[in-house]
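What the coordinates show
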Amino acid sequence: MDAALPRITILKTLDGVDAAAWNAVANPPGLPYDPFVTWEFLDAMERSGAACPRTGWRGAHLLAHDAGGRLRGAMPMWFKTHSRGEFVFDQSWAEAWERAGGAYYPKLLSAVPFTPVTGRRRLVVPGPDEALYKSALLQGALQLVAETGASSFHMNFIEETEAPALEHAGLLIRTDQQFHWQNAGYGSFDDFLATLSSDKRKNLRKERAKAHEGLEFRHITGAEITEAHLDIFFEFYMDTGNRKWGSPYLTRKSFSMLRERMADDLLFVFAYEGETAIAGAMNLIGSETLYGRYWGCIDPRPMLHFETCYYQAIDFAIARGLKTVEAGAQGGHKLARGYAPVLTRSAHWIAHAGFRAAIADYLGRERAAVDADFDYLKDRTPFRKDT
């Protein structure tokens, strides 16, 4: 093989790669910091028992080295035996393929476990060799599909700029939508409220006032976070997870490892009645974005969810000068609270030509429906029409 071509290797776990080398390609200078693609986050998901073979996540991480042995690119990747914890829903594809006599699982997935956040998947430093290493990583993934007989390869929550190149390479592009809050240089929450229509502005003020009755909201981050805080939040997390998913994804160890490794990237919002926390939300902090991740409560109150997860996040983002708040997947109720619709994208390689054609047809019809819904919602944001 030409020595100038990247050398691709596969790792079953991330503990086999140097953390500094991984982070150098995951979050290079000049790009927004993404906490989810750091070695610390991804390795914590594996090592804590959240994303491991026992739970249906078998690592197959791709590394691309240059001729001198230096890591130049990486792609977090797993063989999946189910589609849980992905938030790009392909269970109907699996059922259709299995009814036709095929085996959909295991499939190959490049994503951040349990995290519906758009970000980099082919981790390569921008520069003259960027396209070379990105191509090598993609070809390495497709070769792994061919060698193992996997049904498919998926890249979830890719950046918009990645979609054309992946589509040109033969992957099918799927769209969906989320709701994000955008900071237009606000100096305060009142500045944000001033951009809303009168009735929406009054409604948000009423919601916040109702949520604050008898409660105090506290932001806890960095060295302030203790294991006692994690014990409290894990109770909230388990309650929500058991009700929404049936089986929560993260373990108690997951939270401790994140605190140990990246406390400065964590924000907990707790609602206290006296000195008793009754609700909380966990967020991760990027250089430009606050990412809402989990929430839970033990004493439901009116508007408590909106305040803890959405309005407190806006307060924090304004104070930190962050551009965006991403409050998780789905949730049309976010629209009335100033979170506007945005499109998300994923890319899919289907090995079987006939199955691929059927999915392509489905995605075309789905995309038209998503676009129509997006246009409908975009015209119904709560902002004043003169802003």
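Rules behind the numbers
Each chain has its residues counted from 1, following the order in which its sequence is written. A pLDDT threshold of at least 70 governs which residues receive local features in this predicted model, and a stricter bar of 80 or more applies before side-chain atom pairs are shown or counted, although totals over entire chains, interfaces and linings include all residues. The basis for the side-chain values is all heavy atoms of the structure; hydrogens and waters are excluded. For every residue, the accessible area (1.4 Å probe, protein chains only) is compared with the maximum for its type, and the residue is labelled buried under 20%, exposed over 50%, or partly exposed between those bounds. Numbering goes from the N terminus for both helices and strands, where a helix is a DSSP run of H or I of at least four residues and a strand is a run of E of at least two. Contacts are assigned to residue pairs with any non-hydrogen atoms lying within 4.5 Å of each other. Definitions used for this entry: grid spacing 1 Å over protein atoms alone; cavity, a set of points where a 1.4 Å probe fits but cannot get out; pocket, an open set with protein on both sides within 12 Å along at least 5 of 7 lines; lining residue, one with an atom within 4 Å of a point. Grid points are joined across faces, edges and corners, and a volume is the space filled by probe spheres set on the points. Polarity classes work like this: nonpolar for Ala, Val, Leu, Ile, Met, Phe, Trp, Tyr, Cys and Pro, charged for Asp, Glu, Lys and Arg, and polar for all others, with Gly in that last group. In short, DSSP must find at least two bridges between two strands for them to pair. All axes are obtained by fitting lines to C-alpha atoms, using only the stretch in contact for helices, and the reported angles, taken between N-to-C directions, cover 0 to 180 degrees. Only one rule defines a salt bridge in this text: a Lys or Arg side-chain nitrogen within 4 Å of an Asp or Glu carboxyl oxygen.

1. Side note on helix α2 (residues 39–47)
- Of all nine residues making up α2, seven are buried, and the element is well covered by its neighbours.
- For α2, the full list of buried residues reads Trp39, Phe41, Leu42, Asp43, Ala44, Met45 and Glu46.
- Of the surrounding secondary structure, the elements contacted by the buried residues of α2 are α1 (19–26), β2 (57–59), β3 (61–65), β5 (78–80), α9 (252–262) and β12 (276–285).
- A positive backbone phi angle near 90° is found at Gly49, which sits one or two residues after α2.

2. Some thoughts on the layout of surface pockets
- The calculated volume of the second largest pocket comes to roughly 560 Å³.
- As for the second largest pocket, its lining consists of 22 residues, of which Thr118, Gly119, Glu159, Thr289 and Glu326 are closest to the centre.
- For the lining of the second largest pocket, the secondary-structure elements that each account for two or more residues are β9 (172–182), β13 (289–297), β14 (324–329) and β15 (340–350).
- The element that contributes the greatest number of residues to the lining of the second largest pocket is β15, accounting for four residues.
- Of the residues in the lining of the second largest pocket, the class split is six nonpolar, eight polar and eight charged.

3. Structural notes on the sheet that holds β13
- Taken together, the 11 strands give an open sheet; going across it, the order is β2-β5-β6-β8-β15-β9-β14-β13-β12-β11-β10, and neighbouring strands pair in mixed fashion. At either margin of the open sheet sits one strand with a lone partner, and together these are β2 and β10 (216–221). This sheet shows a mean twist of 30° between the axes of neighbouring strands, independent of strand direction.
- Lying over the sheet, helix α4 (residues 130–148) contacts β5, β6 (107–110), β8 (152–158) and β15, oriented at roughly 145° with respect to β8.

4. Some details on the pattern of salt bridges
- Enumeration according to the criterion identifies 27 salt bridges in this entry.
- With a closest N to O distance of 2.9 Å, Lys107 and Glu86 form a salt bridge. Here Glu86 lies in the loop between β5 and α3 (91–99) and Lys107 lies in strand β6, a separation of 21 residues in the sequence. Here Lys107 and Glu86 have matching classes, each one buried.
- Residues Arg345 and Glu160 are paired through a salt bridge, measuring 3.7 Å at the closest nitrogen-oxygen approach. Taken as a pair, Arg345 in strand β15 and Glu160 in the loop between β8 and α5 (163–168) lie far apart in primary sequence, 185 residues in all.
- Exposure remark for Glu160: the relative accessible area of 54% places this residue in the exposed category.
- Members of the salt-bridge network, linked through shared partners, are Asp66, Arg70, Arg72 and Asp129.

So yeah, pure geometry; function would need other evidence.
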